[in-house]
Amino acid sequence: MADQLHKHEHLIARLFVLPALIGLLGFVLLPFALAVTLSLTNLRLGSPLPLEFLGVEQYRRIFTDYTFLRALRNTMLFALIIVPLQTGLALSLALLINQPLRGIVVFRTVFFMPVVFPLSLVSVVWVLLFAPGSAGLLNSLLEIVSFGAWQPKDFLHDTAWALPAITLTSVWQGVGFQMVILLAALQSIPEELYQAARIDGANRRQQFVFITLPQLRNALIFVVLVTTILAFRLFDQVQIMTQGGPQYATTTIMYEAVNAAFASQQVAKGAAMTVVFFVLVLLLTLLQRFLLRQERAVA
Amino acid sequence: MKRKSLLTTLLIYCTLVGLGLIFLVPILIMLSGSLKIDTRVLIEAGSLAGLVPEQPSLENYRDVSTRVPFIRYLVNSTLITSSIVLTGLLVNSLAGYAFARLQWPGRDALLFTVIALMIIPLEAIAVPLSYQVTLLGWRDTYLVQILPFVANAFSIYLFYSFFLDFPKELEEAARIDGAGPVRIFFSVVAPNAKPVFATVAILTFLTQWGSFLWPMMVTHSEAVRPLPLGIAAFYTLPPLQWGDIFAFGVMMIVPVLLLFMAFQRWFIRGVATTGVKG
């Protein structure tokens, strides 16, 4: 009787997980295995050639392809700029918002609001802000604050300015997300730590360096990781604002992968690019796990 | 806390207002631009004084619907997003509950697999997945935009960790009354798990409402395309009329902003949760 009851419960438990497992198997695990497999072939939609196993040929091709290398470089450069910038800014905003001032919640709302804006819409709005000449708000503002010394630029069509412009757009939309995570971490630091430090005569800077930062360590590692992965996924802004241009200055791994798979129907090549993308994400995640474990060992 | 001097407080408020303007001005430009006659948008976009439209008009809003099927995009987005959110809540909460609270053989190995799958982002599988759905003949449908996103490893994980800390007493009382796992879940556990349902719903909603890459890859007709593709197409549709584009943007964001204002605490708590659990 008890045995039968157990069997019944096992069955129910399996039925509970079944729909989720089917979904994950069919739409995550299978395509993932397919990505690796397809990247080793010559699959090209509509091609008359028979499907062939090519080994690492696609990888050799993309790693000798100027455009993909440029995309890899742009993606890394984008991450390298945006991660410290956005994390630093998010931390500053969180510290500002964490003060016991009247009406502070209003500012939290305002800083967070762009997070609910779809990137596609944000990109379109910022195209106008970056407009060349005096029609663009950014050009006019820079002209005013530099007392006319600023030469108006066509940001999105300038090889030097296009990527920074996309970076600015992304920070504006996303920084509230990281701010909220860091704010929650700040608010979970026990007040006693600060009281003890004050009794020992620590000033505000010392309190920040010796209490706040170490207590935020895990949250900061998490924010850095999430921001880096988000940076590697960069696509929407590029597709809408620059289409990878000018002269490949803003093309990214995902932009090239989608282009390969759709514009030129080279599914195998696109798959190889997304595998490279995944390996980068995996390495970063492992690095984060390692850093977190290291801290636990110390503590 | 030591009381701050008046000067410090004033300085902090100035900083806050300055920063607040940076976040607000692009939104205000969109709003005011949507109320202006098209020819004035570009002329006035270069100055902050241009934020107040001289003769506000709703003409742009009428234009949008005559130039593109805005309502169609809105209906598509609403249908796709709400289907994913609702079915996702059911499917992932059941799985999370089974992993956290039910005993069954093979549970731990499967849980480990689900957690490992969390690190595969959509971008890493988008190309083969689109090939897969092409073979299935699912391209250009609602289904292809919904089904792949219902089961979600991260949502399962959020439910799992919430149910792990759920007080056992409630379930035990129900079990003594003779309730099975199905009734316990739906009538005892789920009604007491509103925070995690809200968190998952909001995070799913935010990702799916803004979804751009996937629908771009697998749809091509306006009949099934969502709002983000709508604005991208509208923005390149000649003649370039910024007033119309901004009106489209405002209509696209207003439903989200209303939701955000109504459930602000939950939005912020939901996002903060990702950090704690990650």
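Residues numbered from 1 in each chain as written. Chains lettered and ligands numbered in written order. Predicted model: local features only at pLDDT ≥ 70, side-chain atom pairs only at ≥ 80, totals over all residues. Heavy atoms only, no water.

We now examine the overall build of chain B. From N to C terminus, chain B includes 15 helices and zero strands. For chain B, the C-alpha radius of gyration of 24 Å lies well beyond 19 Å, the compact-globule estimate for 278 residues. Looking at chain B residue by residue over its 278 residues, the buried ones come to 54%. Counted over contacts in chain B with a minimum sequence separation of 6, partners at least 24 positions apart contribute 73%. (Helix = DSSP H or I, 4+ residues; strand = E, 2+ residues; numbered from the N terminus. Rg over C-alpha atoms; globule rule 2.2 N^0.38 Å. Buried < 20%, exposed > 50% of the residue type's maximum accessible area, 1.4 Å probe, protein only. Contact = heavy atoms within 4.5 Å.)

With 191 residues, the main nonpolar core has F112 and F117 of chain A together with F248 of chain B as its most contacted residues. Examining the composition of this core, we find that 14 residues originate from one element, helix α7 (residues 162–187) of chain A, more than from any other. In this structure, F248 of chain B is in contact with V64, V68, F70, Y73, L227, G230, I231 and F234 of chain B, ignoring residues within four places of it in sequence. (Core = buried A, V, L, I, M, F, W, Y, C linked by side-chain atoms within 4.5 Å.)

Here the structure, examined in full by the defined rule, presents eight salt bridges over all chains. The closest approach of N and O atoms between R233 of chain A and E123 of chain B, which form a salt bridge, is 3.0 Å. In this pair, R233 of chain A is assigned in the loop between α10 (217–232) and α11 (236–241) and E123 of chain B in helix α6 (residues 122–135), connecting two distinct chains. Accessibility expressed as a relative area gives 27% for R233 of chain A, which makes it partly exposed. For E123 of chain B, a relative accessible area of 9% corresponds to the buried category. Residue D108 of chain B is joined to R107 of chain B by a salt bridge in which the shortest nitrogen-to-oxygen separation is 3.3 Å. Judged by relative accessible area, which is 53%, D108 of chain B ranks as exposed. Through salt bridges with shared partners, a single network forms among E57, R60 and R61 of chain A. (Salt bridge = Lys/Arg side-chain N within 4 Å of Asp/Glu carboxyl O.)

Between two packed helices, the angle of one axis relative to the other and the distance separating the axes together describe the packing. At their nearest, the axes of helix α3 (residues 66–97) of chain A and helix α1 (residues 6–34) of chain B sit 11 Å apart, and the two run at 130° to each other. Put simply, α3 of chain A runs oblique to α1 of chain B. Handedness of the α3 of chain A/α1 of chain B crossing: left-handed. Contacts between α3 of chain A and α1 of chain B involve L93, L96 and I97 of chain A from the former and I12, T15, L16, L19 and F23 of chain B from the latter. (Axes fitted to C-alpha atoms, helices over the stretch in contact; angles between N-to-C directions. Parallel < 35°, antiparallel > 145°, perpendicular 65-115°, else oblique. Left-handed = near helix turned anticlockwise from the far one by under 90°.)

To continue, consider the interface of chain A and chain B. With 84 residues of chain A in contact, the opposing surface of chain B contributes 89 residues. Both sides of the chain A and chain B interface together cover about 8100 Å² of buried area, and 82% of this is carbon and sulfur. Area buried by chain A at its contact with chain B is led by F16, F27 and L128 of chain A, which between them contribute 10% of it. Linking chain A with chain B are one salt bridge. Across the chain A-chain B interface, the total number found is five residue pairs in polar contact (both at pLDDT 80 or more). Among the elements that take part in the side of chain A that touches chain B, helix α1 (residues 2–38) of chain A stands out by supplying 22 residues, more than any other. (Buried area = accessible area lost by both parts, 1.4 Å probe. Polar contact = N/O pair within 3.5 Å; in protein donor to acceptor, adjacent residues only side chain to side chain.)

Per-residue pLDDT for chain A averages 88, and the proportion of residues at 70 or more is 98%. Averaged pLDDT values for the elements of chain A fall to 82 in helix α6 (residues 137–145) of chain A and rise to 94 in α3 of chain A. (pLDDT = per-residue confidence, 0-100.)

Our next topic: α1 of chain B. An α-helical turn contains 3.6 residues, so any two residues separated by three or four positions project in the same direction. Between the first and last C-alpha of α1 of chain B there are 40 Å, a value that for 29 residues agrees with the 42 Å anticipated at 1.5 Å per step. By the largest-angle criterion, L24 of chain B marks the main kink of α1 of chain B, which is about 40°, and a proline, P26 of chain B, follows within four residues. (Expected span 1.5 Å × (residues − 1). Bend = angle between axes of the 7 residues up to and from the residue.)

What follows deals with the environment of V218 of chain B. Residues and elements named next belong to chain B. Here V218 shows up in helix α12 (residues 213–218). You can call V218 buried: its relative accessible area is 0%. Taking the C-alpha atoms as reference points, V218 and I29, separated by 189 residues in sequence, lie 33 Å from one another. With near-sequence residues (within four places) excluded, V218 lies in contact with S130, V133, R139, D140 and V144.

This structure, assessed with the given rule, holds 36 aromatic pairs over all chains. Relative to W161 of chain A, the ring of W150 of chain A has its centre 5.9 Å away and its plane inclined at 80°; by these criteria the two rings are edge-to-face. Of this pair, W150 of chain A sits in the loop between α6 and α7 while W161 of chain A sits in the loop between α6 and α7, placing them 11 residues apart in sequence. Among the residues examined, W150 of chain A registers a relative accessible area of 18% and is labelled buried. Classification of W161 of chain A by relative accessible area gives partly exposed; the value is 31%. Each ring, one from F159 of chain B and one from F197 of chain B, has its centre 5.0 Å from the other, and the planes form 65°; the classification is edge-to-face. Residue F159 of chain B is located in helix α8 (residues 153–164), and its partner F197 of chain B is located in helix α11 (residues 194–209); the two are separated by 38 residues in the primary sequence. By relative accessible area, F159 of chain B is classed as buried at 0%. Three or more aromatic residues link up through ring pairs in this structure, and these residues are F16 of chain A together with Y97, F159, F162, F163, F166, F185, F186 and F197 of chain B. The ring of W150 of chain A has K153 of chain A lying over it, and the distance from NZ or CZ to the ring centre is 4.5 Å. (Phe/Tyr/Trp six-rings, centres within 6.5 Å; stacked < 30°, edge-to-face > 60°. Lys NZ or Arg CZ within 6 Å of the ring centre and 35° of its normal.)

Looking now at unusual backbone geometry. Residues and elements named next belong to chain A. Residue Q243 is not a glycine yet carries a positive backbone phi of 50°. With respect to the helices and strands, Q243 occurs in the loop between α11 and α12 (253–263). Judged by relative accessible area, Q243 falls into the partly exposed class, the value being 45%. One non-glycine residue, Y248, lies in the positive phi region at around 65°. Mapped onto the secondary structure, Y248 falls in the loop between α11 and α12. By relative accessible area, which is 41% here, Y248 ends up partly exposed.

Another aspect to go through is a nonpolar patch on the surface. Residues and elements named next belong to chain A. A contiguous nonpolar patch, built from L11, L15, L18 and I22 and spanning about 400 Å² of accessible area, is present on the exposed surface. You can see I22 is positioned in helix α1. Judged by its relative accessible area of 55%, I22 falls in the exposed class. (Patch = residues over 30% accessible without salt bridge, like charges linked within 9 Å, V, L, I, M, F, W, Y side chains within 5 Å. Areas by Shrake-Rupley, 256 points an atom, 1.4 Å probe, with all protein chains shown as cover.)

Moving on, we come to the environment of W150 of chain A. Residue and element names in this part refer to chain A. Spatially, the C-alpha atom of W150 lies 48 Å from that of A35, the residues being 115 residues apart in sequence. Discounting residues that sit within four places of it in the chain, W150 has contacts with N139, L142, E143, F155 and W161. At 2.9 Å, the side chain of W150 forms a polar contact with the side chain of N139.

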